[in-house]
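# Topology and contacts: notes
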Amino acid sequence: MKKMFCMGLLATLLAGTFASASAGTLAVNIAYKGAVQRAVWQSTLDEFKKANPDVDVKVSFVEEEAYKVQLPGWLSTQAPDIINWHNGERMAFYASRGLLEDVSDDWKKNNWDATYASTKDASSYQGKQYALPTVYYSWGMFYRKDVFKNAGIAAEPKTWDEFLEVCKKLKAAGIAPLAVGGRDAWTLAGWFDYLDLRLNGNVFHQQLMAGDIAYTDPRVKKVYSAWKSLIDNKYFIDNALSYDLDGAQPFLFQGKAAMMLMGTFIAKGFPPKLAVNMGYFQFPIIDAKVPTAEEGPTESIHIPSKARNKVDAHRFLAFVGTPAISAKLAEGLGSLPANSKSAEPTEPISRIGFEILSNAKGGIAQFYDRDMTKEMADEGMKGMQKFVSDPSKIDDILNELEQSRKRIYKKS
């Protein structure tokens, strides 16, 4: 009996020691794309550890596309304490299922209503906050300045007609005007979004994202028809669906393609010798009567509802929510700080992106798969890949999407 009592006491002491160690371990899962993004997150975690030596930080870095696939499993089973993710519908998808911690008290305690006022709506679900915004970024047209010059193009195109003329000159010079990595379907969604925003405006766009407009509406077909004209003229690289983003970028790096529609986050991955030759301009205006809207997706960090160490997770949110850390992440991620008290960017491309978003009179969209429910976004992006594969099937694809809309949004 005495031996059993001692063993029981030892087990209790060991359990207490383990619980104490676990309480001081912060498990962090980070999605990243490229060495630069990984490095800035590692540096941020190192700073947190230095400021909080009692916390043992355990970080898992997962490449972005794999992260998207694995995240649902983590959240529903053995969740980490901190994840990074996307605001808007992508955040709401998990918040609505009870998989993210309500951090509304953190917003009040840290006065984030003031410093993150512009991103509060995108961080909220049913009036409560489930995210801390970290950075946001502009989308626009990256281009090779030297390739433009060699093709006799003197200026960045501001209107659609000027843009089409630039594409025509580049093609005549034997250069693919546009690179896109269509195997990553979201890269195609950027094209749909901008054509819709420029042709129909953000009010229409958000109604479409909410499932309130039929995909057989002539205004939606107008978007695909404008896109089809670019494909029919062979302005995109050949076999675009064979390449993901990483596979498509070398066309730009090697001067085989001149432009790419993408978010500013890719700028940090440009080879140093090439960076000086890269320019960036606003997606051209198609209809001057349509208020100009832009893409400005917001990135964020979250505490899963099944996190084991929520005490230190809240400490980490408060640390990242400071102006200095927001600015540090923005600079390292090629983005803009979500914290309104952070210093404005000085890096040239980020600065252009900042000006584009600051002057968006027609509003800011989060991005196709962040502005609508996940199930419809997945169907929509599959439809875009089908369309790029065979642009003549516009009507069939839009009819299929309309059937999906009715089923998903329970429309008659």
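For the structure, check the block above.
Residues numbered from 1 in each chain as written. Predicted model: local features only at pLDDT ≥ 70, side-chain atom pairs only at ≥ 80, totals over all residues. Heavy atoms only, no water.

### A few points about the sheet that holds strand β8 (residues 176-178)
One key point about sheets: their strands pair by backbone hydrogen bonds, in either a parallel or an antiparallel sense. With respect to topology, four strands assemble into an open sheet ordered β8-β9-β7-β10, the strand pairing being mixed. Each edge of the open sheet is held by one strand with a lone partner, namely β8 and β10 (278-281). Neighbour-to-neighbour, the strand axes of this sheet turn through a mean angle of 25°, independent of strand direction. In this sheet, strand β9 (residues 257-263) lies alongside strand β7 (residues 139-144) in antiparallel orientation, the contact comprising five bridges. When the bridges of β9 are listed, Phe-142 appears paired with Met-260. Contacting β7, β8 and β9, helix α8 (residues 160-172) crosses the sheet at an angle of about 140° to β9. (Pairing = 2+ DSSP bridges. Helix = DSSP H or I, 4+ residues; strand = E, 2+ residues; numbered from the N terminus. Axes fitted to C-alpha atoms, helices over the stretch in contact; angles between N-to-C directions. Contact = heavy atoms within 4.5 Å.)

### Considerations on the packing of aromatic side chains
Tallied over the full model, the rule gives 31 aromatic pairs. In this structure, Arg-38 is placed above the aromatic ring of Tyr-32, and the distance from its NZ or CZ to the ring centre is 5.7 Å. The ring of Phe-93 has Arg-97 sitting right over it, with the charged end atom 3.8 Å from the ring centre. (Phe/Tyr/Trp six-rings, centres within 6.5 Å; stacked < 30°, edge-to-face > 60°. Lys NZ or Arg CZ within 6 Å of the ring centre and 35° of its normal.)

### Some points on helix α3 (residues 64-76)
Relative to the 18 Å expected for 13 residues at 1.5 Å per residue, α3 spans 19 Å between its end C-alpha atoms, a close match to the ideal helical length. The largest bend in α3 comes to about 40°, at Gln-70, with the proline Pro-72 one to four residues further on. All of the buried residues along α3 are Glu-64, Tyr-67, Leu-71, Trp-74 and Leu-75. Of the surrounding elements, those touching the buried residues of α3 are β1 (25-32), β2 (56-63), β3 (82-86) and α4 (89-95). Sitting at the amino-terminal end of α3 is Glu-63, which places a side-chain oxygen 3.0 Å from the backbone nitrogen of Glu-65. (Expected span 1.5 Å × (residues − 1). Bend = angle between axes of the 7 residues up to and from the residue. Buried < 20%, exposed > 50% of the residue type's maximum accessible area, 1.4 Å probe, protein only. Polar contact = N/O pair within 3.5 Å; in protein donor to acceptor, adjacent residues only side chain to side chain.)

### Considerations on the sheet that holds β1
Judged by pairing direction, the sheet is mixed, and its six strands sit side by side in the order β2-β1-β3-β12-β6-β13 without closing on themselves. Every other strand in the sheet has two partners, leaving β2 and β13 (336-337) as the edge strands with one partner each. The pairing of strand β6 (residues 132-136) with β13 spans two bridges and is classified as antiparallel. Looking at the pairing, Tyr-136 lines up with Leu-336 of β13. Relative to β2, helix α2 (residues 35-51) is tilted by about 170°, and along the sheet it contacts β1, β2, β3, β6 and β12 (298-302).

### Points about unusual backbone geometry
Positioned with a positive phi, Asn-239 is a non-glycine residue whose angle comes to about 55°. For Phe-367, which is not glycine, the phi dihedral falls at a positive 130°. Inspection of the secondary structure puts Phe-367 in the loop between β14 (364-365) and α16 (368-371).

### Focus on the nonpolar core
Phe-142, Trp-191, Tyr-224, Trp-227, Met-259 and Tyr-368 are the most contacted members of the largest nonpolar core, which has 79 residues in total. Considering every element that reaches this core, the biggest residue donor is helix α9 (residues 185-209), with 12 residues. Discounting chain neighbours no more than four positions away, the residues touching Tyr-368 are Ala-189, Phe-192, Asp-193, Met-209, Tyr-215, Met-376, Ala-377, Gly-380, Met-381 and Met-384. Formed by 31 residues, the second largest nonpolar core is a distinct cluster that contains Val-28, Ile-301, Leu-329 and Ala-330. (Core = buried A, V, L, I, M, F, W, Y, C linked by side-chain atoms within 4.5 Å.)

### Considerations on helix α14 (residues 323-333)
Of all the residues in α14, the buried ones are Ile-325, Ser-326, Leu-329, Ala-330, Gly-332 and Leu-333. Contacts from the buried residues of α14 go to α2, β6, α13 (310-320) and β13. Directly beyond the C-terminal end of α14, a positive phi value near 65° is found at Gly-334.

### Things to note about the side chain of Ser-300
By secondary structure assignment, the location of Ser-300 is in strand β12. Residue Ser-300 is classed as buried on the basis of its relative accessible area of 1%. Side-chain polar atoms of Ser-300 contact the side chain of Asn-87, separated by 3.0 Å. Excluding residues within four positions of it along the chain, Ser-300 makes contact with Ile-83, Asn-84, Trp-85, His-86, Asn-87, Ala-131, Leu-132, Pro-133 and Thr-134.

### Some points on the pattern of salt bridges
As enumerated under the stated definition, the model contains 26 salt bridges in all. With a closest N to O distance of 3.0 Å, Glu-47 and Lys-328 form a salt bridge. In this pair, Glu-47 is assigned in helix α2 and Lys-328 in helix α14, connecting sequence segments 281 residues apart. Overall, Glu-47 belongs to the partly exposed group, its relative accessible area being 34%. Asp-232 is the salt-bridge partner of Lys-228, the closest N and O atoms lying 2.7 Å from each other. With Lys-228 and Asp-232 both in helix α10 (residues 218-232), this residue pair falls four residues apart, about one helical turn. Given a relative accessible area of 25%, Lys-228 falls into the partly exposed group. One salt-bridge network, held together by shared partners, links Asp-54, Asp-312 and Arg-315. (Salt bridge = Lys/Arg side-chain N within 4 Å of Asp/Glu carboxyl O.)

### Let's talk about the environment of Ile-213
Mapped onto the fold, Ile-213 is located in the loop between α9 and α10. With 159 residues separating them in the primary sequence, Ile-213 and Met-372 have C-alpha atoms 13 Å apart. Excluding residues that lie within four positions of it along the chain, Ile-213 makes contacts with Phe-204, Gln-207, Leu-208 and Arg-405.

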